[in-house]
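Below, each chain spelled out in residue letters.
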Amino acid sequence: MRIDIITIFADYFAPLDLSLIGRARESGLLDIRVHDLRTWTHDRHRTVDDTPYGGGPGMVMKPEPWGEALDEVTGQEGTDVAVPRLVLPTPSGVPFTQPHAERLSGEPWLVFACGRYEGIDSRFVADARERMPVEELSIGDYVLAGGESATLVMVEAVARLVPGVLGNADSAVQDSFAPGAMENLLEGAVYTKPPVWRGREVPPILLSGNHGAVDRWRRDEALRTTARNRPELLDEIPEHELDRRDQEV
Ligand code: 6GU
């Protein structure tokens, strides 16, 4: 998968050299390219923003550098598809959730355009929509100073679902929010060695070797964690996915 990121803060993306994503880049599974928007300015001050028409506080990003940046980045060789999908991180976007991450992980080419200030001139978005699919996505109901940290979040959520990126092919299967039997349940408590730590024992069932009992215990734990932290998620579970034991938890 190829991912291009256009930003005025290229240094913000240094974490993409690390860990899971860093290794996937080295192995060639991910081709991530970070571009400085100011490359496509032509004035001495490399200006990317201006005051908003209609007045009001803050600054708006100018359309010209963004238009040129997208033209050049999308005109580059590197994938077997003609056009990428453009992702615009914005607090006014559609909420980004695990189904988005799954769908985007199957795309061959994504471009993230990181706006700052009060956003990018809307004509840039309208112009891009004529040539490629565009999604405005928000990572939650709070306001960040710019799209960079949101892009890091989305790139990580997407990249770990690209086949081969996770070491253990199964480890995405049991995630909270992953599709499957525990869909819509949060993962419950987990334990490792030692069996007793500061007087606290690991729940004996996990040491029993009884896989059926362990599965049942994990599901009960997931139900309890969900009821405590995200009770509204329990209402979304279809009746036929709940069994008698679930109702008792
Ligand atoms: Cl994607 N961008 C910004 N600036 N703020 C946000 C966001 C994105 N998602 C939530 N808040």
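For the structure, check the block above.
In this text the structure is predicted, and so the values were computed from the model without any measurement. (Residues numbered from 1 in each chain as written. Predicted model: local features only at pLDDT ≥ 70, side-chain atom pairs only at ≥ 80, totals over all residues.)

1. A word on the site of the ligand
Keep this limit in mind: Contact assignment follows one rule, namely that a residue is near a molecule or strand if its backbone-placed C-beta atom lies within 6 Å of it. Runs of H or I in DSSP of at least four residues are treated as helices and runs of E of at least two as strands, each being numbered from the N terminus. Three categories are distinguished: nonpolar for Ala, Val, Leu, Ile, Met, Phe, Trp, Tyr, Cys and Pro, charged for Asp, Glu, Lys and Arg, and polar for the others, with Gly belonging to the last.
The local shell around the ligand holds 13 residues, among which Pro 89, Pro 91, Ser 138, Leu 144 and Ala 150 are the closest. Mapped by element, the contributors of at least two residues to the shell around the ligand are β5 (85-95) and α5 (147-159). The dominant element in the shell around the ligand, judged by the number of residues it contributes, is β5, at 4 residues. The residue makeup of the shell around the ligand, split by class, is 7 nonpolar, 6 polar and no charged.

2. Considering the pairing of β5
A regular strand places its side chains on the two faces of the sheet in alternate fashion. Worth spelling out the cut-off: Think of it this way: DSSP has to see at least two bridges between two strands before they count as a pair.
Relative to strand β6 (residues 109-113), β5 runs parallel, the two being bridged by 3 bridges. What sits directly across from Arg 85, in β6, is Leu 110. Two strands pair when backbone bridges link them, and β5 and strand β7 (residues 134-138) are joined in this way by 6 bridges, in the parallel orientation. Bridging across to β7, Pro 89 finds its partner in Leu 137.

3. Considerations on the packing of helix α2 (residues 63-75) against helix α4 (residues 122-129)
The following threshold applies: All axes are obtained by fitting lines to C-alpha atoms, using only the stretch in contact for helices, and the reported angles, taken between N-to-C directions, cover 0 to 180 degrees. Orientation labels follow simple angle bins: below 35 degrees gives roughly parallel, above 145 gives roughly antiparallel, 65 to 115 gives roughly perpendicular, and whatever is left gives oblique. Take the far helix as the reference: if the near one is turned anticlockwise from it by less than a right angle, the crossing is left-handed, and if turned clockwise, right-handed. We call two residues in contact when the distance between their C-beta atoms, placed using the backbone, is within 7 Å.
Contact pair α2 / α4: the axes reach a minimum separation of 9 Å and the direction vectors enclose 25°. The orientation of α2 with respect to α4, classified from their angle, is roughly parallel. Helix-helix and strand crossings are classified by hand; for α2 and α4 the assignment is right-handed. In this structure, α2 contributes Pro 63, Trp 66, Gly 67 and Leu 70 to the contact, and α4 contributes Arg 123, Phe 124, Asp 127 and Ala 128. Partitioned by chemical class, the residues of the contact of α2 with α4 number 5 nonpolar, 1 polar and 2 charged.

4. What about the nonpolar core?
Rules: Connectivity within a nonpolar core runs through C-beta atoms within 7 Å, and the core itself is a set of buried Ala, Val, Leu, Ile, Met, Phe, Trp, Tyr and Cys residues. Burial is judged by counting the other C-beta atoms within 10 Å of a residue's own C-beta: 20 or more makes it buried, 12 or fewer makes it exposed, and any count in between marks it as partly exposed, with every C-beta position built from the backbone.
Ranked by internal contacts, the top residues of the largest apolar core, which has 42 residues, are Val 87, Ala 113 and Met 154. Among the secondary structure elements, those contributing two or more residues to this core are β1 (2-7), α1 (19-26), α2, β5, α3 (98-105), β6, α4 and α5. If near-sequence neighbours (up to four positions away) are discounted, Met 154 is found in contact with Val 87, Pro 89, Phe 96, Leu 137 and Ile 139.

5. Re the sheet that holds β5
Reading across from one edge, β2-β1-β6-β5-β7 is the order of the 5 strands in this open sheet, with parallel pairing throughout. A strand with exactly one partner marks an edge of an open sheet, and here the two such strands are β2 (31-36) and β7. Each adjacent strand pair in this sheet contributes to an overall mean axis angle of 30°, direction not counted.

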